Amino acid sequence: MEQVIQQHSVRVRSELRKLVVPIFIETLLIMMLGAMDTIMLSQYSDESVAAVGVVNQIVMFAFLVFEVINIGTSVLCSQYLGAGLRNKMVQVVGVSLLLNLAVGLVISAILYFGAPTLLGWMGLRPELLKYGVGYMEIVGAFAFFQALSLTVSASLRSANKAVYPMLVTVLVNVMNIIGNYMLIFGKFGMPELGAEGAAISTAFSRGVSMVVLFVILFRKHIPRFPRAYFRPFPWVELKNLLKVGLPSAGENMSYSFSQVVITYLINILGNDALATRTYTVNTTMFVYLFAIAMAQGGAICIGHLVGRKKIHAAYLLGKYVMRLSILVSLALSCVWAISGHAIFDWLTDNEEIIRLGVTVLVVDVIVEIGRAVNIYATNALRSAGDVNYPFYVGLVVQWTVSVGLSYFFGICLGWGLVGMWCAFLLDENIRAFIFVKRWNSLKWAKKGFVK
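Every residue gets a number counted from 1 within its own chain, in the order that chain's sequence is written. Given that this is a predicted model, residues contribute local features only at a pLDDT of at least 70 and side-chain atom pairs are listed and counted only at 80 or more, while totals for whole chains, interfaces and linings are drawn from all residues. Derived side-chain values reflect all non-hydrogen atoms in the structure, with water molecules and hydrogen atoms excluded from consideration.

Asks: How should the pattern of salt bridges be read in this particular structure?
Replies: Should the charged atoms of two oppositely charged side chains come close, the side chains can pair. Only one rule defines a salt bridge in this text: a Lys or Arg side-chain nitrogen within 4 Å of an Asp or Glu carboxyl oxygen. Taken as a whole and judged by the stated rule, the model has eight salt bridges. Across the pair R355 and E352 runs a salt bridge, and its minimum N-O distance is 2.7 Å. Taken as a pair, R355 and E352 lie in helix α14 (residues 351-383) at a separation of three residues, close to a single helical turn. Taking relative accessible area as the criterion, R355 reaches 47% and is therefore assigned partly exposed. Where helices and strands are cited, they refer to DSSP runs of H or I of at least four residues and of E of at least two residues respectively, numbered from the N terminus. Any residue under 20% of the maximum accessible area for its type is buried, any over 50% is exposed, and the rest in between are partly exposed; the area is computed with a 1.4 Å probe on protein chains only.

Listed below in structure tokens is the structure:
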């Protein structure tokens, strides 16, 4: 019996590695896609970096609306494939694509036509507004590209085909870097467009990504969507998608909106603090990259195990993912803190931004411990069907601790950006403690969707 358990454990970890490696590379490249705009614009002006940082807060918040469907797609597809219910998996993907197309077109219209108003609400100063509006109109107009791409990628990963979204992201990154170089700085006969050039390059790259992913979907995963699967319309799958997606995306949206409010507070501190925050966020993303890949790969495997009713195996796999995520995130955050001066010297020659950034990276070491646990736990609990708990915890702790203490430490006590990072430290680690207790309680074990 013990030998059978060990063999099963080896098989599951092998499946996890096959998922984590391409997801890691894909996530790295997706982060680089956003960070590349910041890095290349830093050679253009600090003002354009600050403006694009604010725009990206709004755009990423809007993109989280798509996660209502995509999180549900990933969870349901994983559990249905684990249980051998392929026809239900096809229904889920078809319904997801239709919904995200409709939602994506609405979001694109809001971002394009509402750019000046939304950035005005964020308190963006006139000298930054000229960079922000143009960037947001272009990126926002084509947001529906991302809506469909995320859905297709989620379905491919749930079927252990994570290598294909990874390869597409490689292509997109190469295109974006070339496009940025040409359109930001006016190379190879192109006009010098600055922030708008970065937006054009990003939007075009996302469009190519969407087309290629659809080709892969039809050739490698779902050759067709039979009409018989959708007549009558699978309302049960739509209900399950929303049952998973609404609270899951709600937690993400709560976090993202809290970051929008915090960005507004940082904007009060001045342009240097705003630029420092943008640089720091885009560099620390690479610290928790491994945790994201492990959590997403682990969630798919946990979903498969829950679909097969192997609860104890899912529990042990979750613990393994958490330990490894913490170890790697802690090691990387220490390296970033030690290298802080070199990182900010490379990004800017503003001494105040360098000083602030170096201090923030030291505080961020403790932030990343809690963040690694939270990334793992929210994904693991959702994949098991325990979708409401992360939402409630996130809603309460993020707003009382992260936002409330950011205002108190940063504005009231005058600790500035460093004080706000101390609030993030408390927020991430309090939620981490709560989530570890939840996973150990096994209260998530009876919340799966395969009956």
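Further notes follow.
Asks: Help me understand helix α9 (residues 235-269), please; the structure alone is not making it clear to me.
Replies: A turn of α-helix holds 3.6 residues, and therefore any two residues three or four places apart point the same way. For a helix, the expected span equals 1.5 Å multiplied by the number of residues minus one. Taking 1.5 Å per residue as the helical rise, α9 with its 35 residues ought to reach 51 Å, and the 49 Å between its terminal C-alpha atoms agrees with that figure. Bend at a given residue is defined as the angle between two axes, one fitted to the seven residues that end at that position and one fitted to the seven that begin there. Maximum bend of α9: about 25°, positioned at G245, with proline P247 one to four residues after it. One or two residues past the end of α9 sits G270, with phi positive at roughly 120°.

Asks: Quick question: what am I supposed to make of helix α2 (residues 46-82) here?
Replies: For α2, the principal kink sits at F66 and spans about 45°. The buried fraction of α2 is high, at 29 of 37 residues. After α2 finishes, the residue G84 shows a positive phi value of roughly 75°.

Asks: Even after reading the chapter, I still don't get the packing of aromatic side chains, so can you show me in this structure?
Replies: In this description, an aromatic ring pair is defined by two values, namely the gap between the centres and the angle between the planes. Stacked, tilted and edge-to-face are the three classes assigned to paired rings of Phe, Tyr and Trp, where Trp is represented by its six-membered ring and a pair needs centres within 6.5 Å; plane angles under 30 degrees give stacked, over 60 edge-to-face, the rest tilted. Scanning the entire structure with this criterion turns up 19 aromatic pairs. Taken together, a centroid distance of 6.2 Å and an interplanar angle of 90° make the contact between F218 and F225 edge-to-face. Of the residues examined, F225 reaches a relative accessible area of 24% and is grouped as partly exposed. Between F391 and Y392, the aromatic rings sit 5.6 Å apart at their centres with planes inclined by 50°, giving tilted as the arrangement.

Asks: Would you take a moment to explain the environment of S14 for this structure?
Replies: Along the polypeptide, S14 turns up in helix α1 (residues 2-42). Taking the C-alpha atoms as reference points, S14 and A380, separated by 366 residues in sequence, lie 18 Å from one another.

Asks: In this structure, what is going on with the nonpolar core? I would like to understand it.
Replies: The tendency in soluble globular proteins is for nonpolar side chains to be buried as a group. Buried Ala, Val, Leu, Ile, Met, Phe, Trp, Tyr and Cys residues that are joined via side-chain atoms within 4.5 Å together make up what is termed a nonpolar core. The biggest cluster of nonpolar side chains holds 55 residues, and the ones touching the most others in it are L119 and Y135. If you tally residues by element for this core, the top one is α2, at eleven residues. Counting 32 residues, the second largest nonpolar core, distinct from the first, contains F290, A293, C301 and F435.

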